[in-house]
Amino acid sequence: MRTMQDLALKARSRQRTIVFPEGDNPTIRAAARRLADEQLARPVLLVADPSAGGLSGLDLVHPASSPALTGYVQRYCAARNMPERAGRRLVAPPLGFASMMVATGDADGMVAGIEHPTEEVLMLAELLVGLAPDARCISSFFVMEVPGFAGGEGGRIVFADPAVNPDPDPELLADIAVTTARSVADMLDWTPRVAMLSFSTHGSADHPLVDKVVEATRLARARAPELAIDGELQADAALVEAVAQKKVGEGSPVAGRANILVFPDLNSANIGSKLVQRLAGAASYGPVLQGLARPVSDLSRGATADDVVGAAVMVAARGPQ
Amino acid sequence: MGTEDKRVLELVAKVARKDVAAVSPDLRIAEDLGVKSVGRIELAALLEDELGVEIGNFEMRKPKTVREVIGLVNSKL
């Protein structure tokens, strides 16, 4: 809960405008009502019928009749050299319209996915919102609060990338590491200490799977020399000071006290996250999407109103003050 | 190759930002032409606009080659 309490404070102080393209969904409506009532954000709901009752005090937008639509279509078509009708097919539906609201700054972020597959949310967000200038892919992370764990960042730790990239090559893995470090500094105000995980620690094993992590570590350090990034490290060497002393020795700013774990692929990140949730009773927050020019959150289709509020708070807590 | 098939080649070339002469049916959409998932949804929008075939964003993930795109379009004409 500590994580959400911290993020809620941040969100409340920022009063971000968050667009919900699935504004006719009852779960989204309930969450939007709470966000507005608790002053966590300014929700904008995209709806089929803005005159529908029960939504007083909320901002409702009907994309097809919005005066902003023509400008969004023109902007997209000019940027991508697309014909107007094809552009309208992409931008006029709620997911495209909401993405353009974010791209233009009419909204600060988007929360979507309760009625759309993840891949569709990601594709439209990448196309219309675009990648951040320093990111090469969309990736994700979980914030884990692990009971009884004294390491990481006061018992909290970040896992990346548990949701998006199945088998990142060294360049993408480096990108995930650097992007996660910057996201965590921005959203959680931590000083990042990034461990690039493997089954080997500093050359203790020789295998192409290890080589991938070694190369990713080299690339990440070259790209962001100001960040504390170490690898390859086994999970125990990343998390436990005594093990780090034995396996790594002195001098690593990360070994034994990592607060960000970058897993080598989606298998390990996803399995690792679920094991920590189920076996250690960890609370997990996310997956938080990152790498886009502005924050977007992808919901599970089984999301509850609490989940939606949490996702919106995490979107609202990101970006410059 | 019919008129619609040639138009598919032209639209694939457009989203791949390549000359149509460089696009042939055997080329792979991602590996050979560099069309990522975002290019696929633009291609779906162009195909719907120009040929009247409705291909969902999700469905457009499936074709691996230009020939498979042509096949998908023909199955809907």
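Each value, and the rule that gives it
Residues numbered from 1 in each chain as written. Chains lettered and ligands numbered in written order. Predicted model: local features only at pLDDT ≥ 70, side-chain atom pairs only at ≥ 80, totals over all residues. Heavy atoms only, no water. Helix = DSSP H or I, 4+ residues; strand = E, 2+ residues; numbered from the N terminus. Rg over C-alpha atoms; globule rule 2.2 N^0.38 Å. Buried < 20%, exposed > 50% of the residue type's maximum accessible area, 1.4 Å probe, protein only. Contact = heavy atoms within 4.5 Å. Areas by Shrake-Rupley, 256 points an atom, 1.4 Å probe, with all protein chains shown as cover. Lys, Arg positive; Asp, Glu negative; His and termini not counted. Charge placed at Lys NZ, Arg CZ, Asp CG, Glu CD. Buried area = accessible area lost by both parts, 1.4 Å probe. Salt bridge = Lys/Arg side-chain N within 4 Å of Asp/Glu carboxyl O. Nonpolar A, V, L, I, M, F, W, Y, C, P; charged D, E, K, R; others polar. Pairing = 2+ DSSP bridges. Axes fitted to C-alpha atoms, helices over the stretch in contact; angles between N-to-C directions.

1. Focus on the overall build of chain A
On a plain count of helices and strands, chain A comes out with 12 helices and 11 strands. On C-alpha atoms alone, chain A measures out to a radius of gyration of 21 Å, which is about the 20 Å that the 2.2 N^0.38 rule sets for 321 residues. Each of the three principal axes of chain A carries a C-alpha extent, and together these read 65 × 45 × 30 Å. Counting the 321 residues in chain A, one finds 55% classified as buried. Counted over contacts in chain A with a minimum sequence separation of 6, partners at least 24 positions apart contribute 71%. Of the roughly 13200 Å² of accessible surface on chain A, 52% is carried by carbon and sulfur atoms. Each charge sign in chain A was given a centre, from 30 positive and 37 negative side chains, and these centres are 3 Å apart.

2. Regarding the interface of chain A and chain B
Listed as interface residues are 16 residues of chain A and, on the opposing side, 14 residues of chain B. In terms of surface lost to chain B, no three residues of chain A exceed A:R80, A:R89 and A:M123, which account for 36% of the buried area on that side. Counting across the chain A and chain B interface gives 5 salt bridges. Note that B:E42 and A:R80 form a salt bridge whose closest N and O atoms lie 2.7 Å from each other. Put simply, the parts of the chain that give the side of chain A that touches chain B at least two residues each are α3 (69-80), α4 (84-91) and α6 (118-129) of chain A. Of the residues forming the side of chain A that touches chain B, the biggest block, 6 residues, is contributed by α6(A). Looking at side-chain class alone, the side of chain A that touches chain B contains 9 nonpolar, 1 polar and 6 charged residues.

3. Focus: the pattern of salt bridges
Per the stated rule, a full pass over the model turns up 26 salt bridges over all chains. The partner of A:R85 in a salt bridge is B:D49, with the nearest N and O atoms 2.8 Å apart. You can see A:R85 sitting in helix α4 and its partner B:D49 sitting in helix α2 (residues 37-51), one on each of two chains. A salt bridge links A:E215 to A:R218, with the shortest nitrogen-to-oxygen separation between them at 2.9 Å. Of this pair, A:E215 and A:R218 both sit in helix α8 (residues 208-223), separated by 3 residues, roughly a single helical turn. The class for A:E215 is partly exposed, based on a relative accessible area of 28%. Overlapping salt bridges bring together A:R34, A:E38 and A:D306 as one network.

4. Considering the sheet that holds strand β11 (residues 296-298) of chain A
Residue and element names in this part refer to chain A. The strand order across the open sheet built from 5 strands is β3-β2-β1-β4-β11, with neighbouring strands paired in parallel fashion. Whereas interior strands pair on both sides, the edge strands pair on one side only; in this sheet they are β3 (59-61) and β11. Averaged over all pairs of adjacent strands, the angle between strand axes in this sheet comes to 25 degrees, irrespective of strand direction. When strand β1 (residues 17-20) meets strand β2 (residues 42-46), the two strands line up parallel, connected through 4 bridges. Residue pairing in the sheet places I18 in a bridge with P43 of β2. Its contacts with the sheet put helix α2 (residues 26-37) on β1 and β2, and the angle it makes with β2 is roughly 155 degrees. Helix-sheet contacts for helix α5 (residues 94-104) involve β1, β2, β3 and β4 (109-112), and the interaxial angle to β4 is about 155 degrees.

5. Here's the deal with the pairing of β4(A)
Residue and element names in this part refer to chain A. Side chains G109 and V111 project from β4 onto one buried face, and the interleaved M110 and A112 project onto a second face that is buried too. Taken together, the 2 bridges between β1 and β4 define a ladder with parallel strand orientation. Looking at the pairing, I18 lines up with G109 of β4. Where β4 meets β11, 3 bridges bridge the pair, whose relative direction is parallel. Looking at the pairing, A112 lines up with D298 of β11.

6. Some words on the side chain of A:E120
Residue position: A:E120 is located in helix α6. Here A:E120 is buried and forms no salt bridge, its nearest opposite-charge partner A:R301 lying at an N-O distance of 7.7 Å. Look past the residues within four positions of A:E120 in its chain and what remains in contact with it is A:L95 and B:N57.

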